[in-house]
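# Notes for the structure review
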Amino acid sequence: MSFRTKLLLVVLLTIFASVSVVAYGVTHYTQAAFESMDAERTEALVAQFKKEFAQRGDEIARQAKNVADANFTEKMAIDLSHPNADLSLYFRDANGAAQDHGLDFAEFVKYDGVLVSSAQYPARVGYKNDWVTSVKEWNDTPAFLRKEELSDGVALSLTVVRTNSTVADKSLYVVAGRRMDQNFLASLVLPAGMRALIYTNLEPTFSAASLLADKIDAEQAERFAPLVEQLQKQPQPMVRTIEWTRDPADAETFHAIPLMGRSNELLGVFFVGSSRKELVLLTRQILKIAAAVAAAALLIGMLVSFWVSARITKPVEELAEGARRVAGGRWDTRIDVHGNDEIGQLAEAFNEMTQTLEAQKERLVQTERVAAWRELARRLAHELRNPLFPMQITVENLQKARQLDAKQFLEVFHESTATLRAELANLNTIVSRFSDFSKMPAPQFVRVNVNEALRNAVRLFEPQFNEVGKPTITPELFLTEPLPDIDADPDLLHRAFQNLVLNALDAMPAGGTLTLKTSENDGNVRIEVADTGKGLTPEECSRLFTPYYTTKLQGTGLGLAIVQSVVSDHHGTISVTSDEGRGTAFRIDLPQRQAGHAAPAREAVTEPNSTPPTMAAASG
Amino acid sequence: MMRIASRLLALISGMLMIAIGARPATSPRRGGILRVEMRVAAVSLDPREWKSGTMEASTDEKLGALVFDRLVTLDNYGRFQPQLATEWLHDAAFKRWQFSLRTNVKFSNGTALNAADVVAALQALLPEGQQISAVGNNVVIQSAGALPDLLEELASGRFFVYRVQPDGTLMGTGPFFVGEPAGDSNSAVSTSGVGKTTHLRFRANEDTWSGRPFVDAIEVTLGVLPLRQLFDLQLGKADLVELSPELVRRATQENLRVWSSAPVNFYGLRFDDAQVVAADPKVREAVSLSLDRQTMANVLLQRQAEPASALLPQWLSGYAFLFTMETNIERAKEIRATLPANVAAGAEPLRLRVDAPGDLAKLLGERVAVNARQATISVQVVNRAAPKSANTATTASSDSASGVHLFAWHYSSLSPRVELESMVTAFKFGDSREAAVSSSDPEQLYAREKKLLEERRVLPLVALPEYVGLSQNVRDWMPARWGEWHLADVWLDIPEPVATIGNANSAETPQTQPSVAPPGAKP
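### Re the overall build of chain A
- Tallying secondary structure elements over chain A gives 16 helices and 17 strands in all.
- The proportion of buried residues among the 620 residues of chain A is 45%.
- By sequence separation, contacts in chain A at least 24 residues apart represent 64% of the contacts at least 6 residues apart.
- Of the roughly 33000 Å² that chain A leaves accessible, carbon and sulfur atoms contribute 54%.

### Side note on the side chain of A:Thr584
All names here are of chain A.
- Looking at the secondary structure, you find Thr-584 in strand β17 (residues 583-591).
- Within the structure, Thr-584 has its side chain in polar contact with the side chain of Ser-578 (distance 3.0 Å).
- In this structure Thr-584 touches Val-529, Ala-530, Asp-531, Gly-535, Leu-536, Val-576, Thr-577 and Ser-578, once residues within four positions along its chain are discounted.

### Details of the pattern of salt bridges
- Scanning the entire structure with this criterion turns up 44 salt bridges over all chains.
- Residue A:Glu358 pairs with A:Arg334 through a salt bridge whose shortest N-O separation is 3.3 Å. Placement of the pair is A:Glu358 in helix α9 (residues 342-400) and A:Arg334 in the loop between α8 (277-327) and α9, with a sequence separation of 24 residues.
- The class of A:Arg334 is partly exposed, set by a relative accessible area of 34%.
- A salt bridge links B:Arg250 to B:Glu254; the nearest nitrogen and oxygen atoms lie 3.5 Å apart.
- Given the relative accessible area of 33%, B:Arg250 is considered partly exposed.
- Note on B:Glu254: relative accessible area 34%, which makes it partly exposed.

### Digging into the environment of A:Leu227
All names here are of chain A.
- Residue placement: Leu-227 occurs in helix α7 (residues 225-233).
- Note on Leu-227: relative accessible area 5%, which makes it buried.
- As for Leu-227 and Met-238, which are separated by 11 residues in sequence, their C-alpha atoms are 8.8 Å apart.
- With sequence-adjacent residues up to four places away left out, Leu-227 is seen in contact with Met-238, Arg-240 and Phe-271.

### Some points on a nonpolar patch on the surface
Residues and elements named next belong to chain A.
- Taken together, the side chains of Phe-3, Leu-299, Ile-300, Met-302, Leu-303, Val-304, Trp-307, Val-308 and Ile-312 make up a nonpolar region of the molecular surface, amounting to roughly 860 Å² of accessible area.
- Among the elements that make up the nonpolar patch, the one with the highest residue count is α8 (8 residues).
- Along the chain, the position of Val-304 falls in helix α8.

### Re the environment of B:Gly318
- Assignment of secondary structure puts B:Gly318 in the loop between α10 (314-317) and α11 (329-337).
- Taking the relative accessible area as the measure of exposure, B:Gly318 reaches 35% and is therefore partly exposed.

### Regarding the nonpolar core
- Among the nonpolar cores identified, the biggest contains 91 residues, and B:Leu63, B:Leu71, B:Phe99, B:Phe202, B:Ile218 and B:Trp477 are the most heavily contacted of them.
- Counting residues per element, this core draws most heavily on helix α3 (residues 115-123) of chain B, at 5 residues.
- The next biggest cluster of nonpolar side chains, apart from the first, holds 63 residues, and it includes A:Ile60, A:Ala68, A:Leu103 and A:Val125.

### Looking at the confidence of the model for chain B
Residue and element names in this part refer to chain B.
- In the predicted model, chain B carries a mean pLDDT of 82, and the fraction of residues at 70 or more is 80%.
- Mean pLDDT across the elements of chain B bottoms out in helix α1 (residues 2-21) (49) and peaks in strand β5 (residues 96-101) (96).
- Note that pLDDT drops below 50 for residues 1-6; the model gives that stretch 4 contacts with residues more than four away or on any other chain.
- Between residues 386-398, whose pLDDT stays under 50, and residues either more than four places distant or in other chains, the model counts 27 contacts.
- Confidence estimates for the predicted assembly give a pTM of 0.64 and an ipTM of 0.75.

### Observations regarding the interface of chain B and chain A
- Taken together, the contacts link 21 residues of chain B with 22 residues of chain A.
- Between chain B and chain A, roughly 1900 Å² of surface is buried when both sides are summed, and carbon and sulfur atoms account for 49% of that area.
- Linking chain B with chain A are 2 salt bridges, by the criterion used here.
- Residues A:Asp86 and B:Arg303 are paired through a salt bridge, measuring 2.8 Å at the closest nitrogen-oxygen approach.
- Run the count over chain B and chain A and you get 9 residue pairs in polar contact (both at pLDDT 80 or more).
- Elements with a contribution of two residues or more to the side of chain B that touches chain A: α6 (245-253), α9 (293-300) and α13 (359-374) of chain B.
- In terms of residue count, the dominant contributor to the side of chain B that touches chain A is α13(B) (7 residues).
- Each residue belonging to the side of chain B that touches chain A can be placed in one class, and the counts come to 6 nonpolar, 9 polar and 6 charged.

### What about empty space enclosed by the protein?
Residues and elements named next belong to chain B.
- Applying the stated criterion across every chain, the model contains 4 cavities of 30 Å³ or more.
- Here the largest cavity is characterised by a volume of approximately 110 Å³.
- Of all the elements, helix α2 (residues 55-67) adds the most residues to the lining of the largest cavity, at 3 residues.
- Counted by class, the lining of the largest cavity contains 4 nonpolar, 7 polar and 5 charged residues.

### Looking at α3(B)
- Within α3(B), burial applies to B:Ala115, B:Asp117, B:Val118, B:Val119, B:Ala121 and B:Leu122.
- The residue sitting at the N-terminus of α3(B) and contributing the capping side-chain oxygen is B:Asn114; that oxygen lies 3.0 Å from the backbone nitrogen of B:Ala116.

### A few points about the pairing of strand β16 (residues 573-579) of chain A
All names here are of chain A.
- Only one face of β16 is covered, namely the one carrying Ile-574, Val-576 and Ser-578; the face carrying Thr-573, Ser-575, Thr-577 and Asp-579 has none of its residues buried.
- The sheet contact formed by β16 and β17 spans 7 bridges and is antiparallel. Residue pairing for β17: Ser-578 is matched across the bridge by Thr-584.
- Counting the residues between successive antiparallel strands, the hairpin from β16 to β17 contains 3 residues, one of them, Gly-581, with a positive phi of roughly 85 degrees.

### Looking at the packing of aromatic side chains
- Across all of its chains, the model carries 26 aromatic pairs over all chains by this definition.
- Aromatic pair B:Phe68 and B:Phe160: ring centres 6.0 Å apart, planes at 45 degrees, arrangement tilted. One end of the pair, B:Phe68, is in the loop between α2 and β2 (72-74); the other, B:Phe160, is in the loop between α4 (150-154) and β8 (163-164), and 92 residues separate them in sequence. When sorted by exposure, B:Phe68 lands in the same class as B:Phe160, which is buried.
- Their ring planes at 65 degrees and their centres at 5.9 Å tell us that B:Trp477 and B:Trp485 sit as a pair that is edge-to-face.
- A residue is classified by how much of its surface remains accessible, and B:Trp485, at 4% relative accessible area, is buried.
- Ring pairing ties together the aromatic residues B:Phe266, B:Trp315, B:Phe407, B:Trp409, B:Tyr411 and B:Phe427, which thus form one cluster.
- Here A:Arg262 stacks its cationic end above the ring of A:Phe144, 5.1 Å away from the centre of that ring.

The rules behind each value
Residues numbered from 1 in each chain as written. Chains lettered and ligands numbered in written order. Predicted model: local features only at pLDDT ≥ 70, side-chain atom pairs only at ≥ 80, totals over all residues. Heavy atoms only, no water. Helix = DSSP H or I, 4+ residues; strand = E, 2+ residues; numbered from the N terminus. Buried < 20%, exposed > 50% of the residue type's maximum accessible area, 1.4 Å probe, protein only. Contact = heavy atoms within 4.5 Å. Areas by Shrake-Rupley, 256 points an atom, 1.4 Å probe, with all protein chains shown as cover. Polar contact = N/O pair within 3.5 Å; in protein donor to acceptor, adjacent residues only side chain to side chain. Salt bridge = Lys/Arg side-chain N within 4 Å of Asp/Glu carboxyl O. Patch = residues over 30% accessible without salt bridge, like charges linked within 9 Å, V, L, I, M, F, W, Y side chains within 5 Å. Core = buried A, V, L, I, M, F, W, Y, C linked by side-chain atoms within 4.5 Å. pLDDT = per-residue confidence, 0-100. Buried area = accessible area lost by both parts, 1.4 Å probe. Nonpolar A, V, L, I, M, F, W, Y, C, P; charged D, E, K, R; others polar. 1 Å grid on protein atoms, 1.4 Å probe; cavity = no way out; pocket = protein on both sides within 12 Å on 5 of 7 lines; lining within 4 Å. Points joined across faces, edges and corners; volume = space filled by probe spheres on them. Pairing = 2+ DSSP bridges. Phe/Tyr/Trp six-rings, centres within 6.5 Å; stacked < 30°, edge-to-face > 60°. Lys NZ or Arg CZ within 6 Å of the ring centre and 35° of its normal.

Given below as structure tokens:
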């Protein structure tokens, strides 16, 4: 990933993260504000419910007091204080009282608890209502919730009891009440998005029908069952959210307020429902705006950062390109210097560095050239000194032989001339070898099977692998088949392989294993030649391909130089790895095709007989 | 017994006082329209359609008596009086009865009544086994069994004489015939949209054998709610209204004229095997012991009813006082405790279906449930048309099988035997294999009823009279104590010249008028 891309991404990510943080913050604080507002509204509604509850209770208390103080109630109290009073006279009176005072429930209870008249359940007349007589003073008791038994079930009632004490010690009780139902809920003023429900907890198990509310079906009502069951176990205010559908906007948060009876029993639950639609829609709106802002910011940021990064990265890219050119060997590379900032200073430093490198390289080349000449001179001197010394002795012997008789002189003369001739031949050979190296031919590319070339090279040395009196060398070939043909000069390739094998044989005077491998590697053909000799030092490795450098006593130092020359002429690479004491391995990578050469059809690789044996002898 | 006798005496005295002593005696006047309001929404004037024992049949009979006559009738002193039959005689075995028909009796269309008409009418009404035939101007009723109470049977209920006209309508020989309603000359029936009331007008039959009635017409409004009837009576919009028992005390307190019949309406419980729990005799006994009939009659019905301990009332059977119904909650609880597990521990309560119409029946049903609950028996009341409300979780669907039914029965026959067997047949009390009582012997009837009550498949609750509210204008109101009105004898004491029906020149030709309500009078 380029620096510019990275820079671009960093800028974009920064913008995105900033917008996200702002959106989150706005959403979070909006949500908190909404929740706070919702809580306030719920609190207000609960307060309104309590107020309405109290007002309704006061109203019922007033009506109950009016009934208790009415003349007919006084008359009833007096009549009923008599023994064997006729209850039938008052059987319908509770009904009339309920109708006259707008009550849902009205009952008259005698001083002994006997129900005299009942508007809501007349069939119970004559039975005792002991709970009424269990309290001594009812007139100051506020309204309370009560489970009202009816002929067709039960109902939740807001009840008040008042007494008529016209007859001392024989009070007549007036039990008045109103049904806690949807009419009660309808009296509450509800803010938009809120609703109130009452669950009348009068059945032993949850009953959907007991949930009083507008527009709620049985299926929805059933969703309150867990909440009601929890309240039945632990009657205390709680908050739950019910998700009506998968859409969070349809969710509703319910605040449940338990409604307790006089004996602290749970008789009902008041639910205040608050729709989350407004909040969810607001959140969605914020997120939409945030997304739009983020998109716009990203687009603008992308354009700006693209322009900025282009300005920032252009000198860096030039530097990188210059560095690549230097790495490719173009030491004369220079880059333009823009400004005087860090990048400009870096460009100046780069130019100075390449300038210095170029100068040093020049000096190094010159040094190497001198060193090479010196080495050549040393080798030449060494090579030439070997035949010259016997020639000098022979000439000196020949001069001394002038004092001998003719026969002896002739004998010495013949021996000396033979020696001189032989040493001159040696000199000639040495000169020829140097001449051959200087006259390496340009490769003639044809299609060559590398495996075959390798086998031919190995086959040449087969007699030496098992030479009597010498340690055995075991050749091992791991040749990949099929291996693609390459464009190569078969003769030069043969010479190179021959030198490598010879070099390996020389490295294993005590015997060992010669390993040859071929493989296809990334479009190239790879050849590996390894021995199990004593190996080379790193210093030796670095100088191994220098012409006339040898680690052997007998060698011209041209064998591996020839190999490198052949590989280089085939646009390949050669490398050497060596572990001291474990052997040395050469790796050659040759391209399959030579650029600009339409190689002729594959040439049968045969063992070239014309290979000068001197090449093999000279390798090392 | 003394108490019952004193009550009867008081009742008769009261009626006499109403009839003759309440206001200064004046000569009866002819004319005027008697305005009657009734609770039922529709009536049938075809005796063949009436179902014995139903509350509706009571109204049908009252209005039927305006149009039709019977062969004989029973007066308030228990004497049979001739109507269409002037004489009757029977054989020693009471198997053959011969009735001599009154001559010169005409139907409302002016055609003469003959024996064939009587035979045709009664043949459709008499029970199986009784044959009727015409012999000259006589009709003969024969049966394989003795018919000692045939006169009681013929003097009550649906045994009216009528003639079926070619168009299927019926006409009678009674003091009235069905005339056109006010403002509508084409139909005898009109329906008002307000409160869905129906108006029927009965016009005086000028040529009736018993003499023209005093009033010109009777206008009957059907489907009027009880309280509305009371208001209309108070406001002078009605002359005669049916009073529901719960309004009697109020009407009395407001000094309205109130008349009550003998207890002719009976409320009871009947058990059937639709529920396992109801089929258990111990459950029935426990329920029976839990019932507090005194409170039902004296408190819930405000002393306008009598606790019933027999199926037939005392005035009809004469032996009802021999039956008693015990109330014993503790005993009921003990029995409840001994019930087998499948009955006692079942989650299903005993369902009581209120078959009888009206708030009164509902109130009684609820009281039965409250009483039973005292004996730890769970009873669920199912009304005929249970309202569907949010708080009716404990009210069973009216479609559920009910083991107990609260029913109402109107005594329509003056024969206790016929009445008892009608009740048994209608509700299938007792063992169906047991033969019906053929004799009117009180001992046999008592034994039959005792056996039925001991089985506890039917439990009497209360018996109620019928109450009528009367305006001060209504004179000579002399109904039968078993509830039959005699409106032909009633006259209106209106000082002003009373309105006459129709135009002066609209002297009715009864032949052209329909004699009964056309189809549609009763849905």
